[in-house]
Amino acid sequence: MTMDMSSPRNGSGSDASSSTEDGPTPLVGYTVKPRKDHLLQRRYFPSKIGGSPAWLDPELLPAGDLTCDNCDQPLTFLAQVYSPGENDAAFHRTIYVFACRSCPGSFRALRSQLPWNNVYYAPIPASEDDTTVDDDLVTSRSCSLCGLPRDVAECDGQGVHVACRRALESRWKLQIDEFGLSIEECDEEMTDSEGDVSESDLVGDESHLLEEYQRKDDMMDDSEVEAFEELCPEIDADDEAHKDFEMLAKANPGHVIYYCRGGEPMWLTSMGKQP
């Protein structure tokens with residue numbers, strides 16, 4: 001099952017909150033280049049990572065929730081997942097995830113929702129032939145460099161966050177590269193310990209995975225390498241949470257998001273696991 005980037009009202013999209021008789025269906029997301037760049041605009045209800053947020057509600061922006069609790073600096077947009085609701089009052093529903101680049105472990109997840117009948121989106125899905133990218137409702141309220149609401153931080157006379165302007169002058173990358181997300185059902189092998197994935201190949205394989213990842217154009221920075229190396233020796237071979245995590249990764253190679261509405265989190269390890 002793949003989630004279409006267009007509205008579910010046309011019958012071609014799939015619900016990111018799908019479920020079966022056995023409970024909610026886990027979903028995974030893979031990065032993809034959209035067929036056309038403009039399909040990541042908010043009128044197409046995209047799931048995506050990086051770039052600027054495609055705000056579902058273009059006027060009610062969450063300014064007060066987008067600064068880090070530790071350093072009080074604006075957060076960076078990571079990803080959003082379109083997960084339509086099951087009732088008319090929350091027909092359109094998007095989950096946004098933000099993080100602080102300076103404070104490890106500082107994340108924020110927010111939800112935005114709109115009824116099916118609203119002032120922003122017509123009942124008829126937007127045509128993919130409409131290549132319009134101008135969005136005055138959003139641009140008049142957002143920093144043009146980071147995409148966050150202007151009210152998040154101090155702005156200059158052009159409506160740009162002063163902190164973003166300074167970061168740009170220091171050649172600091174303000175946004176993550178933008179990609180669409182293809183949402184699919186999680187491979188069932190992740191829960192089958194007797195399947196093709198051998199548990200003996202799982203725990204202890206982190207060093208090999210790290211070496212492979214580092215070879216990919218030096219994608220990991222020093223802080224990521226340090227965190228990975230600190231964590232690996234502490235993971236016990238009998239850590240059930242980590243076994244499940246590695247089985248998920250091996251059964252669904254390349255996925256960047258795991259999502260299960262109404263389900264349980266997929267923990268990397270039992271260490272620090274929340275009750």
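Rules and cut-offs
- Residues numbered from 1 in each chain as written.
- Predicted model: local features only at pLDDT ≥ 70, side-chain atom pairs only at ≥ 80, totals over all residues.
- Heavy atoms only, no water.
- Helix = DSSP H or I, 4+ residues; strand = E, 2+ residues; numbered from the N terminus.
- Buried < 20%, exposed > 50% of the residue type's maximum accessible area, 1.4 Å probe, protein only.
- Contact = heavy atoms within 4.5 Å.
- Areas by Shrake-Rupley, 256 points an atom, 1.4 Å probe, with all protein chains shown as cover.
- 1 Å grid on protein atoms, 1.4 Å probe; cavity = no way out; pocket = protein on both sides within 12 Å on 5 of 7 lines; lining within 4 Å.
- Points joined across faces, edges and corners; volume = space filled by probe spheres on them.
- Nonpolar A, V, L, I, M, F, W, Y, C, P; charged D, E, K, R; others polar.
- Phe/Tyr/Trp six-rings, centres within 6.5 Å; stacked < 30°, edge-to-face > 60°.
- Pairing = 2+ DSSP bridges.
- Core = buried A, V, L, I, M, F, W, Y, C linked by side-chain atoms within 4.5 Å.
- Polar contact = N/O pair within 3.5 Å; in protein donor to acceptor, adjacent residues only side chain to side chain.

Student: What am I meant to see in the overall build of the chain here?
Tutor: Looking only at helices and strands, one finds 5 helices and 9 strands in the chain. The N-to-C order of helical and strand elements in the chain reads β-β-β-β-β-β-β-α-α-β-α-α-α-β. The buried share of the chain, reckoned over its 275 residues, is 40%. Residue pairs in contact within the chain that sit at least 24 positions apart in sequence constitute 66% of those at least 6 positions apart. Accessible surface, the chain as shown: approximately 15700 Å² in total, 47% of it carbon and sulfur.

Student: Got a minute to help me understand empty space enclosed by the protein in this structure?
Tutor: Using a probe with the size of a water molecule, rolled over the atoms, empty space left in the structure can be pinpointed. Evaluation of the coordinates by the stated rule reveals 1 cavity of 30 Å³ or more. Reported here for the largest cavity is a volume of approximately 30 Å³. In terms of lining, the largest cavity is formed by Arg42, Phe45, Pro46, Ala54, Trp55, Leu56, Gln80, Thr94, Tyr96 and Tyr121. Of the residues in the lining of the largest cavity, the class split is 7 nonpolar, 2 polar and 1 charged.

Student: Help me understand the packing of aromatic side chains in this model?
Tutor: Here a ring pair, both rings aromatic, is described through the centre-centre distance and the interplanar angle of the planes. What the rule picks out here adds up to 6 aromatic pairs. Ring geometry for Trp55 versus Tyr96: centroids 5.2 Å apart, planes at 40°, classification tilted. Taken together, the positions of Trp55 in the loop between β4 (48–49) and β5 (76–82) and Tyr96 in strand β6 (residues 92–99) put the pair 41 residues apart, joining distant regions of the chain. You can call Tyr96 buried: its relative accessible area is 2%. Grouping aromatic residues by their ring pairs yields a cluster made of Phe45, Tyr82, Tyr120 and Tyr121.

Student: Before we go on, may I ask you to explain the pairing of strand β3 (residues 27–32) in this structure?
Tutor: Taken residue by residue, a regular strand's side chains alternate between the two faces of the sheet. In this structure, β3 lies alongside strand β8 (residues 179–185), joined through 6 bridges in antiparallel fashion. Note on β8: the bridge partner recorded for Thr31 is Leu181. Relative to strand β9 (residues 257–259), β3 is paired through 3 bridges, and the arrangement is antiparallel. Its bridge partner being in β9, Val28 is matched across the sheet by Tyr258.

Student: I would appreciate a short explanation of the nonpolar core in the present structure.
Tutor: The tendency in soluble globular proteins is for nonpolar side chains to be buried as a group. Ranked by size, the top nonpolar core spans 26 residues in total, and within it Trp55, Leu56, Leu66, Tyr96, Phe98 and Leu148 carry the most contacts. Those elements that provide at least two residues to this core are β5, β6, β7 (107–114) and α2 (162–169). Residue contacts for Leu148: discarding those within four places in its chain leaves Pro53, Leu66, Pro74, Leu75, Phe98, Arg141, Ser142, Cys143 and His161. Core analysis: the second largest hydrophobic core is formed by 9 residues, Leu27, Ile183, Ile257 and Tyr259 among them.

Student: Can you help me understand the side chain of Asn252 in this one?
Tutor: Tracing the backbone shows Asn252 in the loop between α5 (240–251) and β9. The exposure class assigned to Asn252 is buried, which follows from its relative accessible area of 2%. At a separation of 2.8 Å, a polar atom in the side chain of Asn252 contacts the main-chain amide nitrogen of Asp187. For Asn252, the contacting residues outside a window of four places in its chain are Val28, Tyr30, Glu185, Cys186 and Asp187.

Student: It is not clear to me how the sheet that holds β4 should be interpreted in this structure. Could you clarify?
Tutor: Taken in spatial order, the 7 strands line up as β7-β6-β5-β4-β8-β3-β9 in an open sheet, and their pairing is antiparallel. Every other strand in the sheet has two partners, leaving β7 and β9 as the edge strands with one partner each.

Student: Just checking my understanding: could you explain the pairing of β6 for this structure?
Tutor: With 7 of 8 residues buried, β6 lies mostly within the body of the structure. As paired elements, β5 and β6 share 6 bridges and run antiparallel to each other. Within the sheet, the bridge partner assigned to Tyr82 lies in β6 and is Thr94. Pairing analysis gives 8 bridges linking β6 to β7, with the strands arranged antiparallel.

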